[in-house]
Amino acid sequence: MKKQLALLIVSGVLANAGGFNPSMQGYIDSLKVEAKKSNNSFADFNAKRGELIFTSKHIGKRGREISCASCHGANLSLSSQNAFTNKSIEPLSPRTNPKRLTNVQDVQKWLKRNFNDVYKREGTPQEKGDVLYYIKSK
Amino acid sequence: MKKILLIVPFLLTGVLLVAVMADDDEDHRSIGRSIGDVAVSKDATYIKECGSCHFAYQPGLLPKRSWVKMMNTLDNHFKDDASLDQKTTKYITNYLVKNSSDNAMDYKRSRKITNSISVNQTPHRITKTPYFIHKHDEIPKKIIVQKEVGTLGNCIACHTAADRGIYSERAIKIPNYGRWDDD
């Protein structure tokens, strides 16, 4: 019994290697439930779709072409510059910047604001999950 | 615009004020009362929430009526969405009001900013207050639009000690331009 439990824990840790922390995983799981509701064939989020969301340009809230990369840069492991205020932004890549994608409240707040900046609307649950998988993969 | 360096021995109160940069254009009576340029902002919540998109401007750079108006319209904050939950909004509003320029008249820049704004006006920006405009109207546009600065709201790009509440001429270093000398 003890052995089984230990094994379970070990495999849990392994599966989570490079994964999200428990509260972020909880957020991802709730996004999955939402995504499934509006798309029956939904299986899992996809970093490739997320990349397109992140790098494609749109006429944003200010009437000018903008993408997520306009503020966060094309290379997520480098610092970048805010396109509106010129303030520098620390790398978005959780590998270079371990604080990233660890606080659910912060992530929700910024996704809401930043989707509005670029897409003039909030992201759908599937879009949010896809883009988080993309950032996580960087 | 000559700057005079005054050495004011502050005998009456027993305090020795070492050196004060006095402006030639405004009231000299109050020089001795100044305890600094603006009060430093140390509040962690304020710095986190209001210092993420730009420099965390000190509360003493605008009067309370400006802050209250701004905090009521955070969902459309200069075309950006800076909205916060109710609890945080209330907390930051209180912090800004308590430390606003008109509540910090012992600080030299806070006093000058406050006095420059007519009572029936509520500026949305620090950069639109008469005192600020007057101090920055000689800066060539090409210096401002360069990538390292971008806008006049980017205080810390030129005022290297802005995060310590210091705006004196000696602490100005403009990127690709160097020290400012207007004499």
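Because the structure is a prediction, the values reported are computed rather than measured.

(A) A look at the nonpolar core. One finds Met24(A), Tyr27(A), Phe54(A) and Leu132(A) to be the most contacted residues of the largest nonpolar core, which totals 27 residues. The element contributing the most residues to this core is helix 5 (residues 104-119) of chain A, with 6 residues. If we skip the residues at most four places from it in the chain, Met24(A) touches Leu101(A), Thr102(A), Val104(A), Val107(A) and Leu132(A). Formed by 24 residues, the second largest nonpolar core is a distinct cluster that contains Val38(B), Leu96(B), Ile126(B) and Tyr131(B).

(B) Region of interest: the environment of Thr127(B). All names here are of chain B. Here Thr-127 shows up in the loop between helix 4 (108-116) and helix 5 (130-136). By relative accessible area, Thr-127 is classed as buried at 17%. Spatially, the C-alpha atom of Thr-127 lies 10.0 Å from that of Leu-62, the residues being 65 residues apart in sequence.

(C) The arrangement of the interface of chain B and chain A in detail. The interface is formed by 20 residues belonging to chain B together with 15 residues belonging to chain A. Both faces combined, the contact of chain B with chain A buries some 1400 Å², and carbon together with sulfur accounts for 38% of it. When the area that chain B buries against chain A is broken down by residue, the three leading residues are Cys53(B), Lys79(B) and Asp81(B), summing to 35%. Here Asp81(B) and Lys112(A) are joined by a salt bridge, their closest N and O atoms 3.4 Å apart. Put simply, chain B and chain A have 12 residue pairs in polar contact (both at pLDDT 80 or more) between them. Taken together, the residues that form the side of chain B that touches chain A break down as 6 nonpolar, 7 polar and 7 charged.

(D) Highlighting the confidence of the model for chain A. Summarising the model, chain A shows a mean pLDDT of 90, and 87% of its residues fall at 70 or more. Per-residue pLDDT stays below 50 along residues 7-17 of chain A; that stretch engages in 0 contacts with residues further than four places along the chain or on separate chains.

(E) Representation of unusual backbone geometry. Of note, Lys120(A) is a non-glycine position whose phi angle comes to about 55°, a positive value. Summarising the element assignment, Lys120(A) is placed in the loop between helix 5 and helix 6 (125-136). At Phe78(B), a position not held by glycine, the phi torsion is positive, near 50°. Positionally, Phe78(B) belongs in the loop between helix 2 (64-71) and helix 3 (86-98). Given the relative accessible area of 32%, Phe78(B) is considered partly exposed.

Conventions we followed
Residues numbered from 1 in each chain as written. Chains lettered and ligands numbered in written order. Predicted model: local features only at pLDDT ≥ 70, side-chain atom pairs only at ≥ 80, totals over all residues. Heavy atoms only, no water. Core = buried A, V, L, I, M, F, W, Y, C linked by side-chain atoms within 4.5 Å. Buried < 20%, exposed > 50% of the residue type's maximum accessible area, 1.4 Å probe, protein only. Helix = DSSP H or I, 4+ residues; strand = E, 2+ residues; numbered from the N terminus. Contact = heavy atoms within 4.5 Å. Buried area = accessible area lost by both parts, 1.4 Å probe. Salt bridge = Lys/Arg side-chain N within 4 Å of Asp/Glu carboxyl O. Polar contact = N/O pair within 3.5 Å; in protein donor to acceptor, adjacent residues only side chain to side chain. Nonpolar A, V, L, I, M, F, W, Y, C, P; charged D, E, K, R; others polar. pLDDT = per-residue confidence, 0-100.

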